[in-house]
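Here's the letter readout for the chains.
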Amino acid sequence: MPWTWVSDRSRRLRDAWHVYDAVVWDRWLAVVFTGLAFVPALSIMSVQFGNLPGRPADAFTIVLILAQTLPLAVRTRWPAACLAINGASFVVHETVGYPMQFGTVTVYLALYSVGAHQERFRRVIAAVLSAAYVVLCVTMHLLGSPVVLSEFLVFYLLFAACWVLGSFVRGQRSQEAERRRLAAVAATAAERARIARELHDVVTHHVTGIVVQADSAQFVVTSPDRVGTALTTIGDAGRRALAELRHLLDVLEATGESATPVTGTMRDLVEQTRSGGQPVELVEDGDQPALPIGVRLALYRAVQEGLTNAVKYAEGRPTTVRVDYRDDRVEAEVTNAAAVVSVGARSGLSGGRGLAGLRDRIGALGGELAAGEQPDGGFRLYASIPVGGAE
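Residues numbered from 1 in each chain as written. Predicted model: local features only at pLDDT ≥ 70, side-chain atom pairs only at ≥ 80, totals over all residues. Heavy atoms only, no water.

> Explanation requested: the pattern of salt bridges in the structure shown.
Pairing of side chains with opposite charge becomes possible as their charged atoms draw close. One pass over the full model with this rule turns up 10 salt bridges. Between R180 and E176 there is a salt bridge; the shortest N-O distance is 3.3 Å. Linking R180 with E176, this pair stays in helix α7 (residues 149–217), spanning 4 residues, or about one helical turn. Look at R180 and you get exposed, because its relative accessible area is 59%. The partner of D324 in a salt bridge is R326, with the nearest N and O atoms 3.9 Å apart. On the basis of relative accessibility, which here comes to 44%, the residue R326 falls in the partly exposed class. (Salt bridge = Lys/Arg side-chain N within 4 Å of Asp/Glu carboxyl O. Helix = DSSP H or I, 4+ residues; strand = E, 2+ residues; numbered from the N terminus. Buried < 20%, exposed > 50% of the residue type's maximum accessible area, 1.4 Å probe, protein only.)

Structure below.
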């Protein structure tokens, strides 16, 4: 429980921090440190480097204090400039021997900021800072500093640790940005795959019906009524295809109101196929519940795929669509009699784009899909989808 509370508090603080731009926080940081630098009680927490003989404070001390605290206002935007001004002021303050003051601790924050936010010339800056530190140590020794070499080394390691900590944070931030980029790429790829599946389902089903009707129309040219029926069926299929394609294009362009594809009822789907000349029988068992959108669409696409394959490979053969509504799942089965096609063409169905995409769609809902030839030469497509598999 305590860890949960700490995690929740940390998340709230992080969210509150991101409400404002970093520049705003940096400005407030500079104001706070400037105010604290003039609090005498905090002087014991200052950075005392070199231990040179003390010199009384004067007006120039105030200038040096401000030069160390005010640059924090640009520490994330111009970290190198912040460190240059801050570091130079710190060096002057220590070499002159002014009294201790809290503002000197900002040198740690300036070093951290360069490690965390500097993008270019990082190695060059690190080399220049190391060389400058050596010069500072030699200058302090010449000015009579009692500090021994080991203490100078400890200070160097402390300064370097601030830089390394900033670099570590910068690396973590970069990794998080890369993870977000990869997640966005994956989401985009998944959305493209989803739209590709929808396009396949729409185009294959409706265009197959149009092609079958157009091919059969040439054999009934002597019967005006049958020709009229075929042309009406072709027109209806074309209009349905255009409606679904228009909706998908709206979604792709982010102008649609909903990402839910336009589909009819199961009876409409069966009747549409039946009107194209395919003998189809629909058998529904159980009361249809209020299915989630994802389940309803997957069920619709499964039956649509089965009927499309029946029309394409077993035209004119009796086809049965059975839908069972159970408490925890819905099952759909599309079977048809032996088709007048080669075994190789029929077996190739299981590896087609339509069934592969349908298998992925149903699998994502926790369901299963089976499709293949029957011993009698017919074909069977079976889908089982959990009712709670999607919202």
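Don't stop here, the text continues.
> Just to check I follow, could you spell out a nonpolar patch on the surface for this structure?
Judged by side-chain polarity, V24, W28 and V31 come together as a nonpolar surface patch covering roughly 300 Å² of accessible area. Within the element layout of this structure, W28 appears in helix α2 (residues 22–37). (Patch = residues over 30% accessible without salt bridge, like charges linked within 9 Å, V, L, I, M, F, W, Y side chains within 5 Å. Areas by Shrake-Rupley, 256 points an atom, 1.4 Å probe, with all protein chains shown as cover.)

> Honestly, the packing of aromatic side chains in this entry has me stumped. Any pointers?
Here a ring pair, both rings aromatic, is described through the centre-centre distance and the interplanar angle of the planes. Applying the stated rule across the entire model yields 10 aromatic pairs. A centroid spacing of 5.9 Å and a plane angle of 10° characterise the contact between F33 and F102, whose relative ring orientation is stacked. Separated by 69 residues along the polypeptide, F33 in helix α2 and F102 in the loop between α4 (79–96) and α5 (106–117) bring together distant segments of the chain. Since its relative accessible area comes to 16%, F33 is described here as buried. Taking relative accessible area as the criterion, F102 reaches 8% and is therefore assigned buried. Between F49 and F152, the aromatic rings sit 5.5 Å apart at their centres with planes inclined by 50°, giving tilted as the arrangement. (Phe/Tyr/Trp six-rings, centres within 6.5 Å; stacked < 30°, edge-to-face > 60°.)

> For this particular structure, what's the right way to read the confidence of the model for the protein chain?
Residues shown with low pLDDT carry predicted positions that ought not to be read at fine detail. Confidence along the protein chain averages 79 in pLDDT terms, with 75% of residues attaining 70 or more. When the elements of the protein chain are averaged for pLDDT, helix α11 (residues 343–347) gives the smallest value, 36, and α5 the largest, 92. A low-confidence stretch, residues 255–259 (pLDDT under 50), is modelled with 8 contacts involving residues beyond four sequence positions or located in other chains. (pLDDT = per-residue confidence, 0-100. Contact = heavy atoms within 4.5 Å.)

> I keep staring at the nonpolar core and nothing clicks. Help me out?
If you look at soluble globular proteins, the nonpolar side chains tend to sit buried side by side. In terms of nonpolar packing, the biggest core is built from 28 residues, with L299, V303, L307, V321, V323, I362 and I385 touching the most fellow members. Elements supplying a minimum of two residues to this core: α9 (266–275), β1 (280–285), α10 (293–313), β2 (319–325), β3 (329–336), α12 (353–364) and β5 (379–386). For this core, the element with the highest residue contribution is α10, accounting for 7 residues. Not counting chain neighbours up to four residues away, the residues in contact with I362 comprise A298, A302, G367, E368, L369, A383, S384 and I385. Residues C82, V107, L111 and Y133 belong to the second largest nonpolar core, which totals 27 residues. (Core = buried A, V, L, I, M, F, W, Y, C linked by side-chain atoms within 4.5 Å.)

> Teacher, can you tell me more about α9 here?
Turning to α9, its buried residues number three or more, namely M266, L269, V270, Q272 and T273. Along the long axis of α9, the arc covered by the buried residues comes to 160°, so they all point the same way. (Arc of directions from axis to C-beta.)

> Sorry, what's going on with the sheet that holds β1 here?
Picture the strands of a sheet paired through backbone hydrogen bonds; they go either parallel or antiparallel. With mixed pairing, 5 strands are arranged side by side in an open sheet as β1-β2-β3-β5-β4. A single partner strand is all that each edge strand has here, and the edge strands are β1 and β4 (368–373). Between one strand axis and the next, the sheet turns by 10° as a mean value, whatever way the strands run. In the sheet, β4 pairs with β5 via 6 bridges, with the strands oriented antiparallel. Bridged to A370 within β5 is Y382. Sheet contacts for α9: β1 and β2; angle to β1, the most-contacted strand, approximately 165°. (Pairing = 2+ DSSP bridges. Axes fitted to C-alpha atoms, helices over the stretch in contact; angles between N-to-C directions.)

> I tried to follow the pairing of β5 on my own but got confused; where do I start?
For a regular strand, side chains alternate in direction, first toward one face of the sheet and then toward the other. Most of β5 is tucked away: 7 of the 8 residues are buried. The pairing of β3 with β5 spans 8 bridges and is classified as antiparallel. Each residue of the ladder has a partner; that of N336, found in β5, is F379. A loop of 5 residues connects β4 with β5, the two strands running antiparallel in sequence, and G377 in this loop sits at a positive phi of about 95°.

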